[in-house]
2 protein chains.
Amino acid sequence: MNAISWDNNRLRLLDQTRLPRERVYVDCADYQSVVAAIREMRVRGAPAIGVAGAYAVALAANRLAATSRDAFLRALDVACDEIARARPTAVNLSWAVERVRRAAHQQSDVAAIRACALAEARRIQEEDEQANRSMGRLGAALIPERATVLTHCNAGALATAGYGTALGVLRAAREQGKDVRVIATETRPLLQGARLTAWELREDGFDVTLITDSMAGHVLSRGEVDCVVVGADRIAANGDVANKIGTYTIAVLAKENGVPFYVAAPVSTIDLATPSGDAIAIEERPPEEVTHIAGVPIAPDGVRVRNPAFDITPHRYISAIVTEHGVTRPPYEAGLGRLPRSASAASVR
Amino acid sequence: MNAISWDNNRLRLLDQTRLPRERVYVDCADYQSVVAAIREMRVRGAPAIGVAGAYAVALAANRLAATSRDAFLRALDVACDEIARARPTAVNLSWAVERVRRAAHQQSDVAAIRACALAEARRIQEEDEQANRSMGRLGAALIPERATVLTHCNAGALATAGYGTALGVLRAAREQGKDVRVIATETRPLLQGARLTAWELREDGFDVTLITDSMAGHVLSRGEVDCVVVGADRIAANGDVANKIGTYTIAVLAKENGVPFYVAAPVSTIDLATPSGDAIAIEERPPEEVTHIAGVPIAPDGVRVRNPAFDITPHRYISAIVTEHGVTRPPYEAGLGRLPRSASAASVR
């Protein structure tokens, strides 16, 4: 799965709005195209938009005309701000952009800045995939030998630099010889579960069953689910998790039915500067995502719509948070604060 | 809203699969067409399929060729069995068919049977609308003066002989001068909330906001909902409720957030012969309803699917059950047993 690649000074993105029907790539030659691709969710998933954002800074550096170091960096900062604002909820985007920006500011001339921005973006991509593999190994210990696991949205290879967070845990469990079946919620409005998770897992040979979001409670109440594993877009210092709309609902249902609820995300998703979920901005997306499916209208014209893209799952519903540096259990405030941050990551905080 | 009408010896049904884009009617000249329309959900909603099933018995009586009373009734019984089996979960269908069948068996000749079957079907239709208006008046007392009410699926005029059960309560509250806003879940897979409830309420001038099913938890957790009102397909003797898939999820979320959860249904929906929700058969519908929306595929070809059409909400999540004979609060076992049954209804039990 090569959803994000750098080739010939362009960023090539697998267009996730067209999957699974068509495998189409978007070639971005400037940072504005990457911002548009992030906004339109052609690339989505917190770690993946972090990687794309980092490459967008490299593209901006490639294109800027200023020749003096200071003027160049001022222009680069403007581009960085625009890239970081493409979507508000996932912290990985601003984290990755800030990391490349800081690295650029340490260089002494324009050529070095350009080379450094690209190198840092590549490093973020490589580290993300490595983090997912570590997270998978550690998180797999939570999965029973024979397990049916419910997941929501797509926290897979497509949402990351590769392997996946929540789906990485399932991949690692299977690589350890466990018998893992998956129930994937379709994840309205944009159907990432039906279009991406079901597709990605079937390509990998998983036994996957698709349900509508409204069926999650039913299968949980019938004892058909051994645990829930989802990704995250931002984790507050107290362990509250912002993730795809519907995650909170599943977490409450899991607790009500005594089913463990796990969150898998790299340390870059943890935002210690955000004390709790109340402080996380929830992106409201266009009404057409709700009133139309694949371009087909499904509701009366002009009906009022709410379309929050994320919700907040309070930490009391979360059994454990899996990162590349270990599995954290409640109380999260202490545990998350103790996790090592990567050298580059620490430097931006 | 004339969703079910009898005209010129045919049953005319508003095709609810085509709403809100097209207002198309299906004319049924024989009972088999009604069975097909019920199976294909061209008519849906527990009280509405009860009314349609009753008219289907009248159509069968019209068409049967036997001239001896006994042979005629034996053939009619075969048709009744087939009609009652069109869908398994809503008890109103078998209740209405049985009521017409019993009335037919009390007649002395074929002409009287034919006349009686049609008269009984008409009576069921009239009583259902009257029941909804009584239910609305009684249930409206539960709605605050200024209220945002969450509802799921369509328990409106379209789901009944008119006025609606859950939506009847909201209509009555508004007629009493209350300021009622509605949040309607889209209700995947068949989108009755987006297609029917949003349409029906807007036609009536209600302030209605559409959300995906996955957003119900979010709006409940934010304090945006004052109460939930839904319909029912079958209510067991202990108060457990079978209703559209996703109802259980909303009930758990409502309780978790301290929001009252009300069920509105006529006494014909209460099945005292079913002790609890465990004994209610849950219809599993075709996978295409999940993998396709409006004919457009949204999932990988051949993916495994679950498609239960209903779920069971245990009575402990239900704040009150509203019927045409009063509002019943826990403990339900005693309260539901005390409700008067209509003379005709009582005679079939």
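All of these numbers come straight from a predicted model, not from anything done at the bench.

Quick notes on the rules
Residues numbered from 1 in each chain as written. Chains lettered and ligands numbered in written order. Predicted model: local features only at pLDDT ≥ 70, side-chain atom pairs only at ≥ 80, totals over all residues. Heavy atoms only, no water. Helix = DSSP H or I, 4+ residues; strand = E, 2+ residues; numbered from the N terminus. Buried < 20%, exposed > 50% of the residue type's maximum accessible area, 1.4 Å probe, protein only. Areas by Shrake-Rupley, 256 points an atom, 1.4 Å probe, with all protein chains shown as cover. Lys, Arg positive; Asp, Glu negative; His and termini not counted. Charge placed at Lys NZ, Arg CZ, Asp CG, Glu CD. Salt bridge = Lys/Arg side-chain N within 4 Å of Asp/Glu carboxyl O. Least-squares fit on C-alpha atoms with pLDDT ≥ 70 in both. Contact = heavy atoms within 4.5 Å. Axes fitted to C-alpha atoms, helices over the stretch in contact; angles between N-to-C directions. Parallel < 35°, antiparallel > 145°, perpendicular 65-115°, else oblique. Nonpolar A, V, L, I, M, F, W, Y, C, P; charged D, E, K, R; others polar. Expected span 1.5 Å × (residues − 1). Polar contact = N/O pair within 3.5 Å; in protein donor to acceptor, adjacent residues only side chain to side chain. Buried area = accessible area lost by both parts, 1.4 Å probe. Pairing = 2+ DSSP bridges. Domains from an automatic or database assignment. pLDDT = per-residue confidence, 0-100.

A. Seen up close, the overall build of chain A. Helix and strand counts for chain A stand at 12 helices and 17 strands. Projected onto the principal axes, the alpha-carbon positions of chain A cover approximately 65 × 50 × 40 Å. Here chain A holds 349 residues, and 63% of them are scored as buried. A total of about 12100 Å² of accessible surface is found on chain A, and carbon and sulfur atoms cover 46% of it. The distance from the centre of the 41 positive side-chain charges to the centre of the 41 negative ones in chain A is 1 Å.

B. Region of the structure containing the pattern of salt bridges. Taken as a whole and judged by the stated rule, the model has 54 salt bridges over all chains. Here Glu-129 of chain B ties to Arg-133 of chain B by a salt bridge, and the two come within 3.2 Å at their closest N and O atoms. Here the residue Glu-129 of chain B and the residue Arg-133 of chain B both occupy positions in helix α5 (residues 110-140), the gap between them amounting to 4 residues, near one helical turn. Looking at Arg-133 of chain B, the relative accessible area reads 32%, which means it is partly exposed. With a closest N to O distance of 2.8 Å, Asp-271 of chain B and Arg-234 of chain B form a salt bridge. Within this pair, whereas Asp-271 of chain B is found in strand β11 (residues 270-271), its partner Arg-234 of chain B is found in strand β8 (residues 234-236), the two being separated by 37 residues in sequence. Looking at Arg-234 of chain B, the relative accessible area reads 13%, which means it is buried. Linked by salt bridges that have partners in common, Arg-146, Asp-179, Arg-181 and Asp-207 of chain A together with Arg-304 of chain B make up one network.

C. How the structure looks around the relation of the copies chain A and chain B. Between chain A and chain B, which share one sequence, the superposing operator has a rotation angle of 180° and an axial displacement of 0.0 Å; the RMSD is 0.0 Å. Put plainly, the chains are arranged around a two-fold axis. Comparing contact sets, 100% of the residues at the interface of chain A also lie at the interface in chain B, consistent with an isologous, same-surface contact.

D. View of the packing of helix α2 (residues 46-63) of chain A against helix α5 (residues 110-140) of chain A. Residues and elements named next belong to chain A. Interhelical geometry of α2 versus α5 gives an angle of 170° and a closest axis separation of 8 Å. One element, α2, and the other, α5, form an angle in the roughly antiparallel class. Contact residues: α2 offers Pro-47, Val-51, Ala-54, Tyr-55, Ala-58, Ala-61 and Asn-62, while α5 offers Arg-114, Ala-117, Leu-118, Ala-121, Arg-122, Ile-124, Gln-125 and Asp-128. Grouping the constituent residues of the contact of α2 with α5 by class yields 10 nonpolar, 2 polar and 3 charged.

E. Representation of α5 of chain B within the structure. Compared with an ideal rise of 1.5 Å per residue, which puts 31 residues at 45 Å, α5 of chain B spans 45 Å between its outermost C-alpha atoms and is within 8% of the ideal. Of the residues flanking the start of α5 of chain B, the one acting as N-cap is Asp-109 of chain B, its side-chain oxygen 3.1 Å from the backbone nitrogen of Ala-111 of chain B.

F. Highlighting the interface of chain A and chain B. Contact residues are listed per partner, giving 54 residues for chain A and 54 residues for chain B. Of the roughly 4600 Å² buried between chain A and chain B on both sides combined, carbon and sulfur atoms contribute 60%. Here Arg-304 of chain A ties to Asp-207 of chain B by a salt bridge, and the two come within 3.3 Å at their closest N and O atoms. Inspection of the chain A/chain B interface yields 30 residue pairs in polar contact (both at pLDDT 80 or more). Sorting the residues of the side of chain A that touches chain B by element identifies α7 (192-203), β6 (207-211), α8 (216-221), α9 (247-256), β13 (296-297), β14 (304-305) and β15 (310-313) of chain A as the ones contributing at least two each. Relative to strand β6 (residues 207-211) of chain B, β14 of chain A runs parallel, the two sharing 2 bridges. Along β6 of chain B, the bridge assignment pairs Val-305 of chain A with Leu-210 of chain B.

G. A look at the domain arrangement of chain A. Residues and elements named next belong to chain A. By domain assignment, chain A separates into domain 1 (4-132) and domain 2 (134-345). Distance from the C-alpha centre of domain 1 to the C-alpha centre of domain 2: 24 Å. Listed by partner, the interface residues are 33 residues for domain 1 and 39 residues for domain 2. Of all residues in domain 1, the largest losses of buried area upon contact with domain 2 belong to Arg-44, Thr-89 and Asn-132, amounting jointly to 25% of the total for that side.

H. Examining the sheet that holds strand β1 (residues 4-7) of chain A more closely. Residues and elements named next belong to chain A. With antiparallel pairing, 3 strands are arranged side by side in an open sheet as β1-β2-β3. At either margin of the open sheet sits one strand with a lone partner, and together these are β1 and β3 (25-28). Recorded for the sheet is a direction-independent mean angle of 25° between the axes of neighbouring strands. Alignment of strand β2 (residues 10-14) against β3, held across 4 bridges, turns out to be antiparallel. If you follow Leu-11 over to β3, its bridge partner there is Cys-28. α2 contacts β1, β2 and β3 of the sheet and is inclined by roughly 20° relative to β1.

I. Looking closely at the sheet that holds strand β4 (residues 146-151) of chain A. Within the open sheet, the 8 strands sit side by side as β17(A)-β16(A)-β10(A)-β7(A)-β4(A)-β5(A)-β6(A)-β14(B). Their pairing is mixed. Among the strands making up the open sheet, the edge pair consists of β17 (326-328) of chain A together with β14 (304-305) of chain B. Of the pairings in the sheet, the one linking strand β5 (residues 179-185) of chain A to β6 of chain A comprises 5 bridges and is parallel in character. Each bridged residue has a counterpart across the sheet, and for Val-182 of chain A the counterpart in β6 of chain A is Val-208 of chain A. Along the sheet face, helix α6 (residues 166-175) of chain A touches β4, β5, β7 (227-230) and β10 (261-264) of chain A and points at about 160° away from the line of β5 of chain A. Those strands touched by α9 of chain A are β4, β5, β7 and β10 of chain A, and its axis lies near 145° from that of β10 of chain A.

J. Layout of the confidence of the model for chain A. Residue and element names in this part refer to chain A. Here chain A shows a mean pLDDT of 95. Residues at 70 or above account for 97%. Confidence drops under pLDDT 50 across residues 343-349; counting only partners more than four residues distant or on other chains, this segment forms 15 contacts. On the interface metric, ipTM, the complex scores 0.94, and its pTM is 0.95.

K. Expanded view of the pairing of strand β16 (residues 320-323) of chain B. Residue and element names in this part refer to chain B. Here β16 shows two buried faces, one formed by Ala-320 and Val-322 and the other by Ile-321 and Thr-323. Alignment of β16 against strand β17 (residues 326-328), held across 3 bridges, turns out to be antiparallel. Bridged to Thr-323 within β17 is Gly-326. The hairpin formed by β16 and β17 contains 2 residues between the paired strands.

L. Seen up close, the environment of Glu-186 of chain A. Mapping Glu-186 of chain A onto the fold places it in the loop between β5 and α7. Sequence separation between Glu-186 of chain A and Cys-153 of chain A is 33 residues; the distance between their C-alpha atoms is 7.0 Å. Once residues within four sequence positions are removed from consideration, Glu-186 of chain A is found in contact with Leu-191, Gln-192, Gly-193, Ala-194, Leu-210, Ile-211, Thr-212 and Asp-213 of chain A together with Arg-188, Val-290 and Ile-298 of chain B.

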